[in-house]
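Survey of secondary and tertiary structure
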Amino acid sequence: QLQLVESGGGLVQPGGSLRLSCAASGVTLDYYAIGWFRQAPGKEREGVSCISSSGDTHYPDSVKGRFTISRDNAKNTVYLQMNSLKPEDTAVYYCAAVPWPLRLCPVEQVEYDYWGQGTQVTVSS
């Protein structure tokens, strides 16, 4: 059974950076697409980024140019580097995984089978 554990969240000032990690156990991630999602208080969960098994990535306009997703299959871990953070980036961040043979990663959360417990990111001065 695949288990995902996020880490790296915390409190950061506007303009700062954080790197989130999503560590997998139980199954190798080589053939999985991984997505990062976030949910702010009172808002619906939204997609932040995704990466396919071949390394293709997707970002919504809200984070494009600021966030970078990457994967290290040897460590069975996916990362989300977040730069130029804004207060509106404050949310609980979740990673999710799904076996996915296609080149383009799925952007809809309904496609994902496995979820981590989330890590809090707070951007505030």
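As the structure is a prediction and not an experimental result, all values here were calculated from the model.

Here we take up the overall build of the chain. If you tally the helices and strands in the chain, you get zero helices and eleven strands. Starting at the N terminus and walking to the C terminus, you meet the elements of the chain as β-β-β-β-β-β-β-β-β-β-β. Computed over its C-alpha atoms, the radius of gyration of the chain comes to 13 Å, within 12% of the 14 Å expected for a compact globule of 125 residues. With the C-alpha coordinates of the chain rotated into their principal frame, the extents come out at 40 × 25 × 25 Å. Across the 125 residues that make up the chain, the buried fraction comes to 44%. Of the contacts formed within the chain by residues at least 6 apart in sequence, a portion of 61% connects residues at least 24 apart. Of the roughly 6,400 Å² of accessible surface on the chain, 48% is carried by carbon and sulfur atoms. When the 10 basic and 12 acidic side-chain charges of the chain are each reduced to a single mean position, those positions are 6 Å apart.

As a further point, take the layout of surface pockets. Here the largest pocket is characterised by a volume of approximately 180 Å³. In terms of lining, the largest pocket is formed by 14 residues, of which the most central are Arg38, Lys43, Glu46, Glu88 and Asp89. Grouping the amino acids of the lining of the largest pocket by side-chain chemistry returns three nonpolar, three polar and eight charged.

With that out of the way, let us pick up the packing of aromatic side chains. On inspection of all chains with the given rule, the structure shows four aromatic pairs. Ring centres of Phe37 and Tyr112 lie 5.3 Å apart, and the angle between their planes is 75°; this geometry places the pair in the edge-to-face category. Of the two residues, Phe37 is situated in strand E4 (residues 32–39) and Tyr112 in the loop between strand E9 (91–99) and strand E10 (114–115); the sequence distance between them amounts to 75 residues. For Phe37, a relative accessible area of 2% puts it in the buried group. Against the face of Trp115 rests Arg45, its NZ or CZ located 3.9 Å from the ring centre.

Cut-offs applied
- Residues numbered from 1 in each chain as written.
- Predicted model: local features only at pLDDT ≥ 70, side-chain atom pairs only at ≥ 80, totals over all residues.
- Heavy atoms only, no water.
- Helix = DSSP H or I, 4+ residues; strand = E, 2+ residues; numbered from the N terminus.
- Rg over C-alpha atoms; globule rule 2.2 N^0.38 Å.
- Buried < 20%, exposed > 50% of the residue type's maximum accessible area, 1.4 Å probe, protein only.
- Contact = heavy atoms within 4.5 Å.
- Areas by Shrake-Rupley, 256 points an atom, 1.4 Å probe, with all protein chains shown as cover.
- Lys, Arg positive; Asp, Glu negative; His and termini not counted.
- Charge placed at Lys NZ, Arg CZ, Asp CG, Glu CD.
- 1 Å grid on protein atoms, 1.4 Å probe; cavity = no way out; pocket = protein on both sides within 12 Å on 5 of 7 lines; lining within 4 Å.
- Points joined across faces, edges and corners; volume = space filled by probe spheres on them.
- Nonpolar A, V, L, I, M, F, W, Y, C, P; charged D, E, K, R; others polar.
- Phe/Tyr/Trp six-rings, centres within 6.5 Å; stacked < 30°, edge-to-face > 60°.
- Lys NZ or Arg CZ within 6 Å of the ring centre and 35° of its normal.

Fair warning: the whole summary comes from geometry, so function is off the table for now.
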